[in-house]
Amino acid sequence: MTEEAVPVVEPNAVEEPLDLVRLSLDERIYVKLRGDRELRGKLHAYDGHLNMILGDVEETITVVEINEETEEEVIRTIKNTAEMLFVRGDGVILVSPPSRTGA
Amino acid sequence: MQQPPIQQQQQQTSSPTEFLNNVIGRPVLVKLNSGVDYRGILSCLDGYMNIALEQTEEYVNGQLKNRYGDAFIRGNNVLYISATKLRE
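- Identification of chain B as 11915_t:CDS:1 from Ambispora gerdemannii is taken from an unreviewed UniProt entry.
- What UniProt states about chain B under its Sequence similarities (unreviewed entry) heading is, verbatim, "Belongs to the snRNP Sm proteins family. SmF/LSm6 subfamily."

- By the naming in an unreviewed UniProt entry, chain A is LSM complex subunit LSM3, taken from Ambispora gerdemannii.
- Within the UniProt record for chain A, the comment given under Subcellular location (unreviewed entry) is "Nucleus".

In structure tokens form, the structure reads like this:
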């Protein structure tokens, strides 16, 4: 029987960027997506593409409209909710645990 | 531990990988293709140029828009990573 030295890996250490995502499993996270979209939800699963399964999701879409009369920019937000959501990874810009962002 | 000033390190930089290894743990400015800037401490990065930042500040059109304790940035969005001086 061989006894190999098993490297001691600190489970909470962030050694590669995806560790940040791994440590957010089962936590509510904030996701910034392309097209001025934001998601807040509980991270159930993810993969290396940043495909993600989120639960109890709130989506916020930011739209800048121009009032034709005054030509003023009006920023409008649209909110959607979803019980469960699959997010395709290529739309992801940023992922952050929201508890630490005050969100 | 006292690290040498960044100028000295830059003189030693002879490859992109070496530069990135030198700036881990240092304050950086990450610009995305969209023009949005992120300032923070570079925790680590990987071969896709996915980035983990600490104490992250998000700047849109030069204005501070958001703060994140930790932030993961997907590598495909990254335009450049710049070593910066410590924030006052």
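**Structural notes on the overall build of chain A**
Turning to step 1, where the next piece is worked out: Helix and strand content of chain A: 1 helix and 5 strands.
Turning to step 2, where the next piece is worked out: Scored against the burial criterion, the 103 residues of chain A give a buried share of 34%.
Turning to step 3, where the next piece is worked out: A separation threshold of at least 6 residues defines the contact pool for chain A, and within that pool the share at least 24 residues apart is 43%.
Turning to step 4, where the next piece is worked out: Put simply, chain A shows about 6,900 Å² of open surface, and 48% of that area lies on carbon and sulfur atoms.

**Things to note about unusual backbone geometry**
All names here are of chain A.
Turning to step 1, where the next piece is worked out: Unlike most non-glycine residues, L50 shows phi in positive territory, near 70°.
Turning to step 2, where the next piece is worked out: Tracing the chain through its elements places L50 in the loop between β2 (37–46) and β3 (52–66).
Turning to step 3, where the next piece is worked out: For L50, a relative accessible area of 1% gives the class buried.

**Considering the interface of chain B and chain A**
Turning to step 1, where the next piece is worked out: Across the boundary between the two partners, chain B contributes 20 residues, which contact 22 residues of chain A.
Turning to step 2, where the next piece is worked out: Overall, the association of chain B and chain A removes approximately 1,700 Å² of surface from exposure, summing both partners, and the carbon and sulfur fraction of that is 59%.
Turning to step 3, where the next piece is worked out: In terms of surface lost to chain A, no three residues of chain B exceed B:D70, B:F72 and B:R74, which account for 41% of the buried area on that side.
Turning to step 4, where the next piece is worked out: Counting across the interface, chain B meets chain A through 1 salt bridge.
Turning to step 5, where the next piece is worked out: Here A:K32 and B:E58 are joined by a salt bridge, their closest N and O atoms 3.6 Å apart.
Turning to step 6, where the next piece is worked out: Applying the counting criterion to the chain B and chain A interface returns 7 residue pairs in polar contact (both at pLDDT 80 or more).
Turning to step 7, where the next piece is worked out: Among the elements of the structure, β2 (37–45), β3 (51–60) and β4 (63–73) of chain B are those that each provide at least two residues to the side of chain B that touches chain A.
Turning to step 8, where the next piece is worked out: The element best represented in the side of chain B that touches chain A is β4(B), accounting for 8 residues.
Turning to step 9, where the next piece is worked out: By residue class, the composition of the side of chain B that touches chain A is 10 nonpolar, 5 polar and 5 charged.
Turning to step 10, where the next piece is worked out: Sheet topology places strand β5 (residues 92–96) of chain A next to β4(B); 2 bridges connect them, and they run antiparallel. Its bridge partner being in β4(B), A:V95 is matched across the sheet by B:F72.

**Observations concerning the environment of A:E83**
Residue and element names in this part refer to chain A.
Turning to step 1, where the next piece is worked out: Topologically, E83 is positioned in strand β4 (residues 73–87).
Turning to step 2, where the next piece is worked out: A relative accessible area of 76% places E83 in the exposed class.
Turning to step 3, where the next piece is worked out: Taking C-alpha positions, E83 is 21 Å from R22, a pair spaced 61 residues apart along the chain.
Turning to step 4, where the next piece is worked out: When sequence neighbours within four positions are dropped, the list of residues in contact with E83 reads L54, G55 and D56.

Parameters and conventions
Residues numbered from 1 in each chain as written. Chains lettered and ligands numbered in written order. Predicted model: local features only at pLDDT ≥ 70, side-chain atom pairs only at ≥ 80, totals over all residues. Heavy atoms only, no water. UniProt positions renumbered as here; feature names shortened; annotations may be inferred. Helix = DSSP H or I, 4+ residues; strand = E, 2+ residues; numbered from the N terminus. Buried < 20%, exposed > 50% of the residue type's maximum accessible area, 1.4 Å probe, protein only. Contact = heavy atoms within 4.5 Å. Areas by Shrake-Rupley, 256 points an atom, 1.4 Å probe, with all protein chains shown as cover. Buried area = accessible area lost by both parts, 1.4 Å probe. Salt bridge = Lys/Arg side-chain N within 4 Å of Asp/Glu carboxyl O. Polar contact = N/O pair within 3.5 Å; in protein donor to acceptor, adjacent residues only side chain to side chain. Nonpolar A, V, L, I, M, F, W, Y, C, P; charged D, E, K, R; others polar. Pairing = 2+ DSSP bridges.

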